[in-house]
Amino acid sequence: MFKHPLFTKIAALAVVTALLLIGLGLIADVVHDRQRYRADAARSVAQSLAGPQTLLGPMLHSACVESWEVASGQGADRRVEEQRREFRLTAMPARLQMQTAALMQERARGLHKVNAFNLKAQVTAQWASLAALVPQGTVKGSRLQCGAPILMLAVADARGIRMARAQVLGLSQDLALKPGTFHPVFTRGLHAMLPEALRGQADPLEVSVDLELLGTEQLSIVPLGDTTDVQMQSAWPHPSFAGRFLPAERDLQADGFTARWRLSSLATTAQQDVAQGRRLCLADTDGSAIEGEVESASGAGDGRRGGCTDSFSVAFVDPVNPYSLSDRATKYGVLFIALTFVAVGLFELMGRGPQQAASATPGRAAAGRVRVHPVQYLLVGAALCSFFLLLVSLSEHLSFGLSYAVAAGACVLLLGYYASHMLGSARRGLPFAAGIAVLYGLLYVLLQLEQTALVVGSIALFLVLGAVMVLTRRVDWYGMGRSGGADAAPAPQGAA
C-alpha cells in the first residue's frame, strides 16, 4: 500500500511541509531578534535620556529621634543607659491637583524609534494642618528631636528633571530645591527644607510646584491626596491607560487626547502604601509590573501588584508597531501554506487541461490531467514564506501598510506567474493568484483587528472549509486510490 503513488506523494508533501515549517520558524526567530533590538534601543534611549517615569508627591516628612534613659542595678552597680527610637513623620496632602501637558519627542537608535515625552506639570498640594508632623513620645519623660520638615517630590528617574520651582503660599520667595528626597525608600527626586515654625501649625498650608520632566514611553502618577484631581492633555493620539484606575473623563481625537482622574483616598491605598514604604512601580500595558528600582514585582492574589504603590498611568504606545504586527502575521504562516496547498491540490484533483497528445507540456499528464510535483509545492511554499521576511524588513524603512502592500503584491505576481505555468494555463494561474491576494487581504484585516480577530478568522476558515467540501463533493476517493492516486479523474457520486 505504501508503494502506491498517492501515498508516495503524500509522504513527499509531508517532507515539504516540514521544511517550510522550519523556514517559518527561522523567520519567526528573525522577527523576535528585531523585537529584541528595538527593546535594546528603547533601553539605550532610556539610559541616555530618562526611563519611564512615576511621579509621587508632593508630601511632607520629618526624621525624628526619641531618646530616654534606663537605669539598672543599685548602689555602686547602678548604671544608666540611653535608649533611642528613630521614626519618621509624614503628612499627606488633603488635596492634590495636577495640570499636565505631555509634548511628544521621537528619539531613535539606528532604525528603531522610541517615544519620549516632555511633561510640563503644575502641581498644587494643600494640607489642612500639619498636626501629623508633631512628634508624640512613647516613653514618659523621653526627649524628642526632629529634623526640619522636608517637602519632597519623588520620581522614578531623576535624570529627567529639567526644571522645577516650588513656592509656599504666603511666602514671597521660591523654595530652595535640592536633589534627593532624604526619604529612605523614595530616594530619587527633589526636596526643600521648610521653616521649623510651620510644624504643627493649625493653619492650612498650600504649596505649588512647576515641574518639567522628561521620560520615555510611559508616565505613572501616585494618587497621594485625600482627594486627587489630575488633568492631562497631549498631542499623542494613541494613549494606553493602565494601572489601578482609569480616567473618569477622556476625549480621544486624531490630534491628541485629554483625560482627567478624580480619586478619593477611600478608593485607593496609596497613602498607606507610601507610609509602609512600598516601591514605585510602572504599570505595564500587558498587566505586568516593573519597579522603579529596576526590580520586578509579582502579582498579588487580590489583583494588585505585590509590593507596589497604587498608581495610574498613561503609555504613549505606537499602535502600528511593525515588529508586533509582523510577529502576529508569522503566526498565520502555517495556515497560509495549508490553504495554498489545498488550493493547488484542488487544481490538481479537479482541473482538466485541453486534450493534448502524449507530448503534453511539463506539469500536465499525457491525457491533459494537471500534475504538480512536490518540488513545485516547495517553491510555492517558499514564496509564501518569503512574504513574511519581506514584510519585516520593509517595515523598518516604510510604513507598515505600504510594506504589506509591496510584499503581498510581489508575492501575488510571482505566484500568479509561476502558477500559470505550473497549472498549464493563465486561465488557472490567474484565479490561483486572485485567491492568494484574497488571503493576503484577509490577513491584513485580521492584523488590524484586536477584539474581533478570532471570530473573523474562524468564520473565514469555516467558509474555506465549506468551499473545499462543496468542490470535492463528487470525488470518489476510493476510486482514486484504486486507479493511481492523484492522477485519476474524479468520478461523480450521486446527484449534485
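Residues numbered from 1 in each chain as written. Predicted model: local features only at pLDDT ≥ 70, side-chain atom pairs only at ≥ 80, totals over all residues. Heavy atoms only, no water.

1. Thoughts on the overall build of the protein
Logical step 1: From N to C terminus, the protein includes nine helices and 19 strands.
Logical step 2: The long-range share in the protein, meaning contacts at least 24 apart out of those at least 6 apart in sequence, stands at 73%.
Logical step 3: Carbon and sulfur atoms form 59% of the exposed surface of the protein, whose accessible area is close to 25100 Å². (Helix = DSSP H or I, 4+ residues; strand = E, 2+ residues; numbered from the N terminus. Contact = heavy atoms within 4.5 Å. Areas by Shrake-Rupley, 256 points an atom, 1.4 Å probe, with all protein chains shown as cover.)

2. Structural notes on the side chain of His191
Logical step 1: Along the chain, His191 turns up in strand E9 (residues 189-193).
Logical step 2: A polar atom in the side chain of His191 sits 2.8 Å from the backbone oxygen of Gly180.
Logical step 3: When residues no more than four places from it in sequence are discounted, the contact partners of His191 are Ile150, Leu151, Met152, Ala176, Leu177, Lys178, Pro179, Gly180, Thr181 and Phe182. (Polar contact = N/O pair within 3.5 Å; in protein donor to acceptor, adjacent residues only side chain to side chain.)

3. With respect to unusual backbone geometry
Logical step 1: For the peptide bond that leads from Gly57 to Pro58, omega is 5°, which places it in the cis range.
Logical step 2: By secondary structure assignment, the location of Pro58 is in strand E1 (residues 53-72).
Logical step 3: Positioned with a positive phi, Phe182 is a non-glycine residue whose angle comes to about 60°.
Logical step 4: By secondary structure assignment, the location of Phe182 is in the loop between strand E8 (178-179) and E9.
Logical step 5: The exposure class of Phe182 is exposed, given its relative accessible area of 52%.
Logical step 6: At Glu217, a position not held by glycine, the phi torsion is positive, near 70°.
Logical step 7: In this fold, Glu217 is placed in the loop between strand E10 (205-216) and strand E11 (218-221). (Buried < 20%, exposed > 50% of the residue type's maximum accessible area, 1.4 Å probe, protein only.)

4. Looking at the environment of Val70
Logical step 1: With respect to the element layout, Val70 can be found in strand E1.
Logical step 2: Look at Val70 and you get partly exposed, because its relative accessible area is 33%.
Logical step 3: Each C-alpha atom of the pair Val70 and Glu81 lies 5.3 Å from the other, and the pair is 11 residues apart in sequence.
Logical step 4: If sequence neighbours within four positions are ignored, Val70 has contacts with Arg79, Val80, Glu81 and Gln83.

5. Some words on the state of the cysteines
Logical step 1: Enumeration according to the criterion identifies one disulfide in this entry.
Logical step 2: Just so you know, Cys385 is unpaired, no disulfide at all, and the nearest cysteine sulfur is the one on Cys411, 9.8 Å from it.
Logical step 3: The exposure class of Cys385 is buried, given its relative accessible area of 7%.
Logical step 4: Among the residues examined, Cys411 registers a relative accessible area of 4% and is labelled buried. (Disulfide = S-S within 2.5 Å.)

6. Brief notes about the pairing of strand E4 (residues 112-127)
Logical step 1: Burial analysis of E4 places 12 of its 16 residues in the buried class, which makes it a mostly covered element.
Logical step 2: In terms of strand pairing, strand E3 (residues 95-109) meets E4 through 15 bridges, oriented antiparallel. Residue Arg95 lies in a different strand from E4, and its bridge partner there is Gln126.
Logical step 3: Pairing of E4 with E10 involves 12 bridges; the strand directions are antiparallel. Pairing of Lys120 across the sheet is with Glu212, part of E10. (Pairing = 2+ DSSP bridges.)

7. Regarding the packing of helix H3 (residues 322-330) against helix H7 (residues 426-448)
Logical step 1: Remark: H3 packs on H7, axes separated minimally by 10 Å, with the N-to-C direction vectors making an angle of 130°. Relative to H7, H3 is oriented oblique. Between H3 and H7 the crossing geometry is right-handed. Across the interface between the two elements, Leu325, Arg328 and Ala329 from H3 touch Leu443, Leu446 and Leu447 from H7.
Logical step 2: For the contact of H3 with H7, the class distribution of residues is five nonpolar, no polar and one charged. (Axes fitted to C-alpha atoms, helices over the stretch in contact; angles between N-to-C directions. Parallel < 35°, antiparallel > 145°, perpendicular 65-115°, else oblique. Left-handed = near helix turned anticlockwise from the far one by under 90°. Nonpolar A, V, L, I, M, F, W, Y, C, P; charged D, E, K, R; others polar.)

Without other data, these values stay purely geometric and don't point to any function.
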